[in-house]
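Analysis of the macromolecular model
One-letter residues, chain by chain:
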Amino acid sequence: MGSIQLALLLQSLDQQLVDWAWIRQNYREDIVPAVIGHIYLSFVSVAIALAISLPVGIIVSRYRKAYPPVTILTGLLYTIPSLALLAILVVIPGIGVGPNAVIIALVAYSLLVLIRNVVTGIDSVPAETIDAARGMGLTERQILFKVEIPLALPVIVAGIRIATVTVIGIATIGAYIAGGGLGQLIFDGIDQNFPTKVIVGAVLATAMAVVADLLLLALERYLRPWARRVRGAS
Amino acid sequence: MIEFKEVSKIYPGAQTPAVKDLSFEILEGEICVLVGPSGCGKTTSMRMINRLIEPSSGEILIDGEPNTKMSGTALRRKIGYAIQQIGLFPHRTIARNIATVPQLLGWDRERIRRRVDELLELVGMNPADFRDRYPSELSGGQQQRVGVARAMAADPPIMLMDEPFGAVDPITRERLQDEFLRIQENIKKTIVFVTHDIDEAVKMGDKIAILEQGGILAQFDSPENILTHPNSEFVASFVGADRVLKRLSLLRVADMRLDPADGADDLPTIDERLTVRDALSQIVGVGATGGIVERDGERQLLTIKAIEGLLKDSGSARG
Ligand SMILES: Nc1ncnc2c1ncn2[C@@H]1O[C@H](COP(=O)(O)OP(=O)(O)O)[C@@H](O)[C@H]1O
Ligand SMILES: [Mg+2]
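What counts as what
Residues numbered from 1 in each chain as written. Chains lettered and ligands numbered in written order. Predicted model: local features only at pLDDT ≥ 70, side-chain atom pairs only at ≥ 80, totals over all residues. Heavy atoms only, no water. Salt bridge = Lys/Arg side-chain N within 4 Å of Asp/Glu carboxyl O. Buried < 20%, exposed > 50% of the residue type's maximum accessible area, 1.4 Å probe, protein only. Helix = DSSP H or I, 4+ residues; strand = E, 2+ residues; numbered from the N terminus. Contact = heavy atoms within 4.5 Å. Buried area = accessible area lost by both parts, 1.4 Å probe. Polar contact = N/O pair within 3.5 Å; in protein donor to acceptor, adjacent residues only side chain to side chain. Nonpolar A, V, L, I, M, F, W, Y, C, P; charged D, E, K, R; others polar.

**Description of the pattern of salt bridges**
Residue and element names in this part refer to chain B. Tallied over the full model, the rule gives 22 salt bridges over all chains. Arg 51 is the salt-bridge partner of Glu 54, the closest N and O atoms lying 3.0 Å from each other. The partly exposed category is assigned to Glu 54, whose relative accessible area is 37%. Overall, Arg 51 belongs to the buried group, its relative accessible area being 16%. Ionic pairing is found between Glu 110 and Arg 113, a salt bridge with its closest N-O pair at 3.1 Å. Residue Glu 110 and its partner Arg 113 are located together in helix 5 (residues 109–122), separated by 3 residues, close to a single helical turn. Put simply, Glu 110, Arg 113, Arg 114, Asp 117 and Arg 131 are held in one network by salt bridges that share partners.

See the structure below:
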């Protein structure tokens, strides 16, 4: 995105860079829907990816042999260039252009980091904590839900944070296959040689990523109250 | 009462058993210490009682019933469990850590709250200060106290303790041992206590089971008898060349019958609460042949000779 913006900026130095009047007139029918579309794409993608990654991560942390193939598969998805993945998805019958193809691609990108963090989080639970839990008579289910997941949660949220920021960025490309979102503004701006749209789209996408990052960071801290408070042991 | 009947454990893939044909009985209200060198199967034996490990053969009876009669989780909720690594839940406050088993058993909140405070008091920690802290905000000794309190929370008749004071410095360990013995005097639990430290075994145990490599029971007896009559080379070398002195550490000056002292002003004064071993050390330390014990307003004489006599009549027990 950076180079495109720069090229445009240089090209249009003679124009007024940001057309504030356009923003005032069009924010309701152009900008707000683009923002909502973008939030929709990102949120739904991360939510679906999480719904897949949590159970997969938990299963993989139990059946260790499944971890390498899962990592290879999700790693492979992660390395496919985004544009190529979108192109492949639209030619698959039943998917075609539109937000669904974009969501599938974004889910595919999120799996690697999410599954990895679920497994890392569960692995980080001290063995003696689990032994004590079992020794006191917690069932395997209770160990998972009352000990392992709460202790893994901050690490899982850290994964959600990385995935969300990545997804918000990549989602802009989704407009290329009519996925909507802020990418639509950017592509329109390029087509119409109208830098205001490009800048509004880019700035809002960046701001959204930053806000999501901060919110999730705050959540991560909130979920780790035992590390937040620092008091000297006496 | 806990009874091991011909219990063996061979881990999958292992050439030799970790525990072999173990048979012995732990009486109600007693502390039975499992002691032996590292890897001799102490932890394995202990964990078969609450079925964290299932034996390969043999059975374990609790109050006459096989411990397989109820589910493993139901069994474990009735048996206290404390380990060296403590394993407090880092994400739960001290109060909620201690409340773990009562919560599993469905106690109401008020009862749990009262029990938590009572236990914190019992292990010498001010409830108001500690109940809302997280484990990371406690020292090692405090964490071990909480570990023991958590194991006692639902007042289980049996407690399993695997090197429960193993992770603290020697001074703190001694204090925790003394405190625990004081608590046990009142609660009279049946306790299986694992340690690799023979001194701790002698101090804590009503009975000691010495295991040797391969999980074989080398000797099972009272500390006095093990120190007086080790039944094999292995036991003799495990209890150490200072076993005579160790016996003296089982006895307190207060338990000895002493004669009145007349004169002998130059002898050191001995506190009657000392162990005989410490008293002897104090006497020998100042180059004397005896010491003066003040008891019931009377001055009594403790001589090295009297201590020697103590060792000769071999069966003499505490109290
Ligand atoms: N989970 C296990 N799998 C295989 N072997 C084990 C396992 N736990 C313990 N062992 C082996 O069994 C023997 C006894 O171990 P353990 O009961 O932990 O001894 P101790 O507590 O006396 O140090 C050791 O040789 C140890 O290596
Ligand atoms: Mg052990």
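Following the structure, the description resumes.
**A short note on the interface of chain A and chain B**
By convention, interface size is frequently given as the accessible area that disappears when the constituent parts associate. Each partner contributes to the interface: chain A provides 23 residues, whereas chain B provides 29 residues. In this assembly, chain A packs against chain B so that about 2,300 Å² is buried in total across both faces, 59% of it on carbon and sulfur atoms. Taken together, the connections running from chain A to chain B amount to 1 salt bridge. Here Asp 131 of chain A and Arg 47 of chain B are joined by a salt bridge, their closest N and O atoms 2.8 Å apart. Viewed at the interface, chain B and chain A are joined by 7 residue pairs in polar contact (both at pLDDT 80 or more). Contributions of two or more residues to the side of chain A that touches chain B are made by helix 6 (127–135), helix 7 (140–170) and helix 10 (225–228) of chain A. Here the side of chain A that touches chain B takes 7 residues from helix 6 of chain A, the largest share from any one element. For the side of chain A that touches chain B, the class distribution of residues is 10 nonpolar, 7 polar and 6 charged.

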